[in-house]
Amino acid sequence: MPSIRDFVQYAPVTSRPAVRWPGGKRLAVWIVPNVEFYEYTPPPAIGRETWDRVPAHPDVREYGFRDYGNRVGIWRMDEVLQQYPVRPTVSLNLALLDHFPEIAQLIRQRGWAVMSHGLYNTRFLYGMDEAQERAFYKDNIDSLKRHTGADLLGILTPAITNTARTPALIAESGMIYHADWVHDDVPVPIHVPGRKLVSIPYTYDLNDAPLWDGRPYGARYFVDACKAAFDRLYAESADGGRVFCIALHPYQIGQPHHVGHLREVLDHIAGHEGLWWATGDEIARHFLDHHHDEHVAHAREIDERRKARAPQVVLRPHKPASVTMAPGPWPAERQPGYDHPHCDWNPWPSRPALHWQAPGQLAVVPLLVLEAYEDPLPTGWPQVHSVGGGLIRDFPNISRVSTREYGHRVGIFRLLDALRQRGVRPTVAMDAITAECYPDLLDRLQQDGAEFIAHGLSVTRPQTSRMSLQEERSYIVATLDRLAACGVQTRGWFGADYSESTLTPQLLGEQGVHYLSDWANDEQPYRMRTPGSLIATPLWADFDDQTVLINRMCDPAILEDHFGKALRQLNRDAATSARLFHFCVRPWVLGSSARIALFERVLDQALALDQVWMPRLGEVVDAWQAAAGPEASQKGPQA
């Protein structure tokens, strides 16, 4: 089976040819209302449920909620849109044109562009064979032509339910763009045999439905996120064209309590010069006519360099096996101390004060996490629920993979620029497959003086207690050897999304790993009870951007508020005993255009403190060892 990366080749934002929009415009703005038809009693679905709130169809509450958009919301939304120089691109369930001729007339009268969103929003591509999928696109094309006279040039597939054939078949049908991908801020060529197809940046971050349908985000967050993303892209577009997208749903934005938020966002955007208020058709055609070929050539050049630099992995001698401990489980026994053998119980009151020789006693270390998310998922590997186990879809899982690929193509460079501008050298957790697949990115990280931490083979190949001792030992050795073959030397380890077996610390110590960041249980480093001299460098789960913003779905304002409070408290505490504030930052989360300013503000808050020190993680470990003394290097955790 092919990989999702067979469709799109990697090209980082730092090196690819600049995009230029017509008339010298700097930022293309496309507004995408999703006008949808949800069936009252849809046919059985494959791959996902349509109405999952009730045990059997219909779900009148949810059906009526969405039907509101077509009966009321779209007309209120249209009234607002007419007040701005925008020509929307409607992401349309095309069967709706047969059901509701008044909406078809509205589209014709307003001259809105249309891209397909399938026929109904309750019928997916999953489960179709090639003939059925080909007929599906013909039905889409014929439906639009019959009602509007327009040619169908693009598609956002219903519920992002692509098959491996989808890019080739939509290009074969005559469409020129695919909006399912969210991996960049400019159009990106998609490889299809004998034809040209591009992805146009769509958005999940600035999309009213996923933000408000059963999630804790409010409309105020939507407005603030739209403004923040626009401002960042507008500033960056001075160096080359970018695309800014807002995705709307009339059943949400057309509500009387929400429509004013659309006005506020559009007022903010319209106050800027140099905007190209474009449709999806116009963006795709311009890119195909003026930029497609040079971007294809550039990506191929990068891929050829990657292949030429393919590492020759040499299995070096490693420390001989020393772990004889039986694996868990280890049910707790009611006796003093922990229910595992990895470290000693050492509560805060029993510790002497810690003072390291450093510019400050509060070490703040953001850990930039670069992970390879494989699609299709590797066979036989259980998935961590927060990464892949909760939304495993048929291949290709474009929504999951392209979100993360955005971090490698764009987001990481925003994070690195933010650190460089503040004189902070990065600490980077990188897995072996990322190091092998992104050598140009690795070069940039090394130029910025990054310290690297081993992050397993990939985030879709976690360590678990399903492994035998020898399987996990081989996994650790393979990770270290493959990273070394790419020129990545590591002293530390951070498991794939914190994953460990019951023996992981022992096996890491056995192989000479110096420090481990998986545990989230302290504010200072401490010694683990393992072979060698493994030190725990605890991460803060409450400040992990994916955990807080994606999995827990907290408002970024809450995270920023908590950052500020934690930094101020730790700054006070560090005056009497040193502290470590170590937290995960993923380029596809805090590196997005909507969130990068939050990361910058957090860095500025930290640097304004009197006790702060922003080193790389290994420097903290060295400072702790020097301060704790030789006795702590040999036994028990010491603060």
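Owing to the predicted nature of the structure, the values given are computational and were not obtained by experimental measurement.

Can you break down the overall build of the protein chain residue by residue, with the values?
Secondary structure assignment for the protein chain yields 21 helices and 18 strands. Whereas a compact globule of 639 residues would reach a radius of gyration of roughly 26 Å, the protein chain reaches 26 Å, a difference of no more than 12%. Its C-alpha atoms give the protein chain principal-axis dimensions of about 80 × 50 × 50 Å. Counting the 639 residues in the protein chain, one finds 60% classified as buried. The contacts of the protein chain with a sequence gap of at least 6 include a subset with a gap of at least 24, amounting to 76%. About 24900 Å² of surface is accessible on the protein chain, with carbon and sulfur atoms providing 50% of the total. The distance from the centre of the 64 positive side-chain charges to the centre of the 77 negative ones in the protein chain is 1 Å.

Help me get a handle on the packing of helix H1 (residues 60–81) against helix H3 (residues 101–110), residues and values and all.
Remark: H1 packs on H3, axes separated minimally by 11 Å, with the N-to-C direction vectors making an angle of 10°. Judged by the inter-axis angle, H1 sits roughly parallel to H3. As for the relative orientation of H1 and H3, their crossing is left-handed in sense. For the pair H1 and H3, the contacting residues are Asn70, Ile74, Trp75 and Asp78 in the first and Glu102, Ile103, Leu106 and Arg110 in the second.

Just give me the short version of the packing of aromatic side chains, but keep the residues and values in it.
Tallied over the entire structure, the rule returns 25 aromatic pairs. A centroid spacing of 5.5 Å and a plane angle of 75° characterise the contact between Tyr40 and Tyr63, whose relative ring orientation is edge-to-face. Pair noted here: Tyr40 is in the loop between strand E1 (27–35) and H1 and Tyr63 is in helix H1, with a separation of 23 residues, a long-range link. In this structure Tyr40 comes out as partly exposed when scored by relative accessible area, which is 43%. Its end group placed over the ring of Tyr38, Arg66 keeps NZ or CZ at 5.0 Å from the ring centre.

Talk me through the side chain of Gln524; I want residue IDs and the actual numbers.
Counting through the fold element by element, Gln524 comes out in the loop between strand E14 (515–516) and strand E15 (526–527). Reaching out from Gln524, the side chain makes a polar contact with the side chain of Ser577 at a distance of 3.1 Å.

I'd like a description of the nonpolar core, backed by residues and values.
Counting residues in hydrophobic clusters, the biggest one holds 102 residues, and the most contacted among them are Trp30, Phe244 and Ile269. The element contributing the most residues to this core is helix H7 (residues 219–236), with 10 residues. The contact partners of Phe244, leaving out residues within four places of it in the chain, are Leu27, Ala28, Val29, Trp30, Leu206, Cys226, Ala229, Phe230, Leu233 and Ile269. Residues Leu362, Leu370, Val589 and Met614 belong to the second largest nonpolar core, which totals 72 residues.

Report on the environment of Glu282, specifying residues and quantitative values.
The topology assignment puts Glu282 in helix H10 (residues 280–290). A C-alpha to C-alpha distance of 9.9 Å links Glu282 and Ala28, two positions 254 residues apart in sequence. When sequence neighbours within four positions are dropped, the list of residues in contact with Glu282 reads Arg87, Trp276 and Trp277. Looking at Glu282, its side chain comes within polar contact range of the main-chain nitrogen of Thr279, at 2.9 Å.

Could you give an account of unusual backbone geometry, naming the residues involved and the relevant values?
The omega angle of the peptide bond from Gly328 to Pro329 is 15°, so this bond is cis rather than trans. Tracing the backbone shows Pro329 in the loop between helix H11 (292–308) and strand E10 (362–370). A cis geometry characterises the amide bond from Asp375 onward to Pro376, with omega recorded as 5°. Mapped onto the fold, Pro376 is located in the loop between E10 and helix H12 (385–389). One non-glycine residue with positive phi stands out, namely Asp497, at about 50°. Mapped onto the elements of the fold, Asp497 is located in the loop between strand E13 (490–493) and helix H17 (504–510).

Can you break down the pattern of salt bridges residue by residue, with the values?
For the coordinates displayed, the defined rule picks out 49 salt bridges. Residues Arg414 and Glu236 are paired through a salt bridge, measuring 2.7 Å at the closest nitrogen-oxygen approach. Of this pair, Arg414 sits in helix H13 (residues 398–421) while Glu236 sits in helix H7, and the two are 178 residues apart along the sequence. Take Glu236: its relative accessible area is 19%, and that puts it in the buried class. Taken together, the salt bridges that share partners define one network made up of Glu371, Asp497, Asp544, Asp545 and Arg586.

With reference to specific residues and values, describe the pairing of strand E12 (residues 451–454).
Both faces of E12 are covered, namely the face carrying Glu451 and Ile453 and the face carrying Phe452 and Ala454. With 4 bridges connecting them, strand E11 (residues 427–430) and E12 associate as parallel partners. Bridging across to E12, Ala429 finds its partner in Ile453. Inspection of the sheet shows E12 paired to E13 by 3 bridges, in the parallel sense. What sits directly across from Ile453, in E13, is Gly492. Between the parallel pair E12 and E13, the chain is carried across by helix H16 (residues 469–485), and the sense of this crossover is right-handed.

Could you give me a rundown of the packing of H1 against helix H9 (residues 259–270), with the residues and numbers involved?
Angle between the axes and distance between the axes: these two values describe a pair of packed helices. Packing of H1 against H9 leaves a shortest axis separation of 10 Å and a crossing angle of 25°. If you check the angle between H1 and H9, you find them roughly parallel. Note that H1 runs across H9; the crossing there is right-handed. Contact with H1, carried on its side by Arg76, Met77, Val80 and Leu81, involves Val259, Leu262, Arg263 and Leu266 of H9 and no other residues of that element. Here the residues of the contact of H1 with H9 sort into 6 nonpolar, no polar and 2 charged.

Outline the side chain of Glu500, listing residues and values.
Relative to the assigned elements, Glu500 resides in the loop between E13 and H17. One buried charge, Glu500, has no salt-bridge partner; the nearest side chain with opposite charge is Arg586, at 14 Å. Here the side chain of Glu500 touches Trp519 through a polar contact of 3.3 Å, side chain to side chain. Every residue in contact with Glu500, bar those within four places of it in the chain, is listed here: Gln463, Thr464, Ser465, Pro505, Leu516, Asp518 and Trp519.

Run through H9, naming residues and quoting values.
With 12 residues, H9 extends 17 Å between its outermost C-alpha atoms, agreeing within 8% with the 16 Å of an ideal straight helix rising 1.5 Å per residue. For H9, the complete set of buried residues consists of Val259, His261, Leu262, Val265, Leu266 and Ile269. Taken down its axis, H9 places every buried residue within 155° of arc, on the same side. Buried-residue contacts for H9 involve E1, H1, H7, strand E8 (242–248), helix H8 (250–253) and strand E9 (275–277).

Requested: an account of H7, with residues and values cited.
The end-to-end C-alpha separation of H7 is 26 Å, in line with the 26 Å expected for 18 residues at 1.5 Å each. For H7, the complete set of buried residues consists of Ala219, Tyr221, Phe222, Val223, Ala225, Cys226, Ala229, Phe230, Leu233, Tyr234 and Glu236.

Parameters at a glance
- Residues numbered from 1 in each chain as written.
- Predicted model: local features only at pLDDT ≥ 70, side-chain atom pairs only at ≥ 80, totals over all residues.
- Heavy atoms only, no water.
- Helix = DSSP H or I, 4+ residues; strand = E, 2+ residues; numbered from the N terminus.
- Rg over C-alpha atoms; globule rule 2.2 N^0.38 Å.
- Buried < 20%, exposed > 50% of the residue type's maximum accessible area, 1.4 Å probe, protein only.
- Contact = heavy atoms within 4.5 Å.
- Areas by Shrake-Rupley, 256 points an atom, 1.4 Å probe, with all protein chains shown as cover.
- Lys, Arg positive; Asp, Glu negative; His and termini not counted.
- Charge placed at Lys NZ, Arg CZ, Asp CG, Glu CD.
- Axes fitted to C-alpha atoms, helices over the stretch in contact; angles between N-to-C directions.
- Parallel < 35°, antiparallel > 145°, perpendicular 65-115°, else oblique.
- Left-handed = near helix turned anticlockwise from the far one by under 90°.
- Phe/Tyr/Trp six-rings, centres within 6.5 Å; stacked < 30°, edge-to-face > 60°.
- Lys NZ or Arg CZ within 6 Å of the ring centre and 35° of its normal.
- Polar contact = N/O pair within 3.5 Å; in protein donor to acceptor, adjacent residues only side chain to side chain.
- Core = buried A, V, L, I, M, F, W, Y, C linked by side-chain atoms within 4.5 Å.
- Salt bridge = Lys/Arg side-chain N within 4 Å of Asp/Glu carboxyl O.
- Pairing = 2+ DSSP bridges.
- Right-handed = clockwise from strand over helix to strand, strands pointing away.
- Nonpolar A, V, L, I, M, F, W, Y, C, P; charged D, E, K, R; others polar.
- Expected span 1.5 Å × (residues − 1).
- Arc of directions from axis to C-beta.

These results come straight from atomic positions and should not be treated as a statement about function.
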